[in-house]
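Coordinate analysis (summary)
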Amino acid sequence: MTMTYVKVGRIDSFSEEGRLVAEIAGREVAVFLLDGELVAYENRCPHIGGPVGSGQLVRRVIAREEPDGAIAEEFSTQRVLVCPWHGYEFDLTTGTCPGDPRVRLTSYEVKLESEDVYVGVPGPSRGARAAASPPT
Amino acid sequence: MGDAALDGRLQSEPMVGRELTHVELLRNVEREGRARGLHELFIVDVDFHHAEPQVWDEIITHVPNEVIRHALQTGNHGGWYVPGAIETGGVQELQGRIQSPSAWHHAHPELAGADRDVARIRDMMDAMGSDYASLFPSFLLNLGLFPFREFEAPIAFAWAEWVSERVLAQDSRIITMLSLPFGDPDACLKLVEHFGDTPGVVGFMITSVRYDPTYKKEYMKLYRALEERGLPLGFHSSFNYMDRHTQQFNKFISVHALGFPTYNMVQATNWIVNGLPERFPDLNLLFIEGGLAWIPFLMQRLDAEFMMRRSEAPLLKRRPSEYMKEFYYSSQPLESVHLKQLEHTFEMINAETQLCWASDWPHWDWDPPHHIWDLPFLTDQARRNILGENARRLFNLPADFRDADVQRDGSEREARSR
């Protein structure tokens, strides 16, 4: 399939949360820079369409069983993206929901050339351009 | 390429991000709605919510009894204070993960009091494409739990007067079902007689979390008054941490998931078993905010037991489920994870004629109108009915709304971009 790579911004234009939301051909795409890696997903929650890419990055809550049988909860080092509409969580490395991996974000190819970040969208160019919204 | 400061925050802070504004959160609702043409439809939101603490100082000026008014004004040094009210801040919002309650709270800081509420409501309605939206309190859903029972009626009257004069009067698109002080049957009747003809008041509502049984003879005059006026009676559910059975829960998910349907089941069961549908056949009921999954469950339970124990419900001429199919239900929170089961539920409750969409905005489990529109098993007519036409019939809303888009304060409102 033909891919068109659309420049969404410079690497130094990411917000302090390490993300950038851009509109490409009528769709919002959220690009994340985490641990030196770039990932991009449609800014639309698969639940019912919330602006998931603008949600909080939260350390995932995990629980372990203590020797006496009690449960102890703690934050893991893994971050999940949480949809601000209803709290659906997504693993940013896979785009899947920890509660049900069948529920997943729509991913986009993303690449870095020099200092510019490009998102790949299917299809020929047709003049596709990106408009970055204020950092969210 | 890595950002050392960000990497440090990601390792240490529980949450990284910023809070979205009210308008930002609603932007996707409008986008999804317009993509489906929903802003061209007649849409009624039968349940969204207010946050009373921000305007508590305004509301309690309407408390008629000066001693109780003084107690409410001074009980928390001028802040929100109702003895026995349940505090849910932060819990409902999953400690900031879900942002709609906080976004509502912070919206339109340039305004104050009821004016601020109306601005927030218009943001919401315009984004969702609602022609009408029915406002309910949030914190006052605990009206039935106040330990000082003499506070219940004055607070109900204060809310009714404040919402009528300060909110409904500003915009003819905003409607409400007023909370009944159900602990005081005489006061209930007085409230209906006083506010029953107020523009924008489309019905009255019992807060489901309470311990006053609906079948008591003292309430019959209330039901008769509502039936005679053609006004529906709502049951708005909620939750309660402090019931004996909920005290063993340690998570909000448990209290919430069971609380809402349970209290509506209590009310529906008492209503049916005591023959009230036969005694008040023209009184329409609307069960609000319990989701829908409880309804088929209760239909099956009551039908099975009624066939064996009919003598305990001698006023009933049909199976309980047949009365329940004539009740109205609000759709939120729609349990759409199991679509096949949901389709069956819609069939069992006659959703095409009895179900009314509700947003519940800005609460954490709110539903946008496209949640209904996207259900694959509905016909277009069923979608239109659920999103607006069923509520139009239930509330007797004017059919010519779009031709008479005039505010209650007399000013023309700018034509909506449809």
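Quick note: structure is the one above.
Anyway, here's the lowdown on the structure attached to this text. Within each chain, residue numbers correspond to sequence positions counted from 1 in written order. Here the convention is simple: chains get letters from A, ligands get numbers from 1, in the order in which they are written. Side-chain atom pairs in this predicted model are given and counted only at pLDDT of 80 or more, local residue features only at pLDDT of at least 70, and totals for whole chains, interfaces and linings cover all residues. Note: side-chain values were computed over all heavy atoms of the structure, leaving out hydrogens and water.

1. Section: the environment of F346 of chain B
Residue and element names in this part refer to chain B. Here a strand is any run of E in DSSP of at least two residues, a helix any run of H or I of at least four, and the numbering for each starts at the N terminus. Mapped onto the fold, F346 is located in helix α14 (residues 339-348). For every residue, the accessible area obtained with a 1.4 Å probe (protein chains only) is divided by the maximum for its type, and the residue is called buried under 20%, exposed over 50%, and partly exposed between those limits. Assessed through its relative accessible area of 5%, F346 is described here as buried. Taking the C-alpha atoms as reference, F346 lies 9.3 Å from P296; in sequence the two are 50 residues apart. Note on contacts: a residue pair qualifies if any of its non-hydrogen atoms lie within 4.5 Å across the two residues. Residues in contact with F346, not counting those within four places in the same chain, are L292, L334, A351, L355, L375, F377, L378 and I386.

2. Description of the pattern of salt bridges
All names here are of chain A. Any carboxyl oxygen of Asp or Glu that lies within 4 Å of a side-chain nitrogen of Lys or Arg is treated as forming a salt bridge with it. Going through the model one piece at a time under the given rule, you end up with 31 salt bridges over all chains. D116 is the salt-bridge partner of K7, the closest N and O atoms lying 3.4 Å from each other. With K7 in strand β1 (residues 3-10) and D116 in strand β11 (residues 116-122), the pair connects residues that are 109 residues apart, well separated along the chain. On the basis of relative accessibility, which here comes to 14%, the residue D116 falls in the buried class.

3. What about the nonpolar core?
Residue and element names in this part refer to chain B. Residues grouped as a nonpolar core are buried Ala, Val, Leu, Ile, Met, Phe, Trp, Tyr and Cys residues, joined through side-chain atoms within 4.5 Å. Core analysis: the largest hydrophobic core is formed by 124 residues, its most contacted members being F204, Y223, L233, M324, Y329 and F346. Among the elements that line this core, the one with the most residues is helix α7 (residues 152-167), at ten residues. Filtering out sequence-adjacent residues up to four positions away, F204 remains in contact with M177, L178, L180, L191, V192, F195, G196, L226, L231, P232, L233 and G234. Of all hydrophobic cores here, the second largest spans 19 residues; its members include V46, Y132, L141 and V202.

4. Examining the interface of chain B and chain A
By convention, interface size is frequently given as the accessible area that disappears when the constituent parts associate. Counting from both sides, the interface comprises 35 residues of chain B and, opposite them, 37 residues of chain A. Note: buried area is the sum, over both parts, of the accessible area (probe 1.4 Å) each one loses when the two are combined. Taken together, both faces of the contact between chain B and chain A bury some 3,000 Å²; the carbon and sulfur share is 52%. Counting across the chain B and chain A interface gives three salt bridges. The salt bridge partner of R44 of chain A is E32 of chain B, with a shortest N-O separation of 2.6 Å. Here a polar contact means two N or O atoms within 3.5 Å. Within protein one must be a hydrogen donor candidate and the other an acceptor candidate, and residues neighboring in sequence count only if both atoms are side-chain atoms. At the boundary of chain B with chain A, the tally comes to 14 residue pairs in polar contact (both at pLDDT 80 or more). For the side of chain B that touches chain A, the element with the highest residue contribution is helix α1 (residues 4-12) of chain B, accounting for six residues. By the convention adopted, Pro, Cys, Tyr, Trp, Phe, Met, Ile, Leu, Val and Ala count as nonpolar, Lys, Arg, Asp and Glu as charged, and the other residues, Gly among them, as polar. Here the side of chain B that touches chain A is composed, by residue class, of 13 nonpolar, ten polar and twelve charged. Direction of pairing for strand β5 (residues 56-65) of chain A relative to strand β1 (residues 15-16) of chain B: antiparallel, over a ladder of two bridges. Pairing between two strands requires that DSSP report at least two bridges joining them.

5. Focus on the sheet that holds strand β9 (residues 355-356) of chain B
Taking strand neighbours across the sheet as the criterion, the eight strands line up as β2-β3-β4-β5-β6-β7-β8-β9 (chain B) in an open arrangement whose pairing is parallel. The strands lining the two open edges of the sheet, one partner per strand, are β2 (44-49) and β9 of chain B.

6. Here we look at the packing of helix α10 (residues 252-273) of chain B against helix α12 (residues 294-308) of chain B
Residues and elements named next belong to chain B. Here an axis means a line fitted to C-alpha atoms, over the contact stretch when the element is a helix, while the angle between two N-to-C directions is reported on a 0 to 180 degree scale. Between α10 and α12, the least distance of the axes is 11 Å, while the angle of their chain directions is 40°. Crossing handedness for the pair α10 and α12: right-handed. Taken together, the residues of α12 that come into contact with α10 (itself represented by P261, N264, M265, A268, T269, I272 and V273) are W294, F297, L298 and L302. Tallied by class, residues from the contact of α10 with α12 come to nine nonpolar, two polar and no charged. Each crossing gets its handedness from the near helix: less than a right angle anticlockwise from the far helix is left-handed, clockwise is right-handed.

7. Concerning the packing of helix α8 (residues 185-195) of chain B against helix α9 (residues 220-229) of chain B
Residue and element names in this part refer to chain B. Packing of α8 against α9 brings their axes to within 9 Å, and their N-to-C directions diverge by 15°. The orientation of α8 with respect to α9, classified from their angle, is roughly parallel. Along this stretch, α8 crosses α9, giving a crossing that reads as left-handed. Across the interface between the two elements, D186, C188, L189, V192 and E193 from α8 touch K221, L222, A225, L226 and R229 from α9. Tallied by class, residues from the contact of α8 with α9 come to six nonpolar, no polar and four charged. These descriptions rest on fixed angle ranges, namely under 35 degrees for roughly parallel, over 145 for roughly antiparallel, 65 to 115 for roughly perpendicular, and the rest for oblique.

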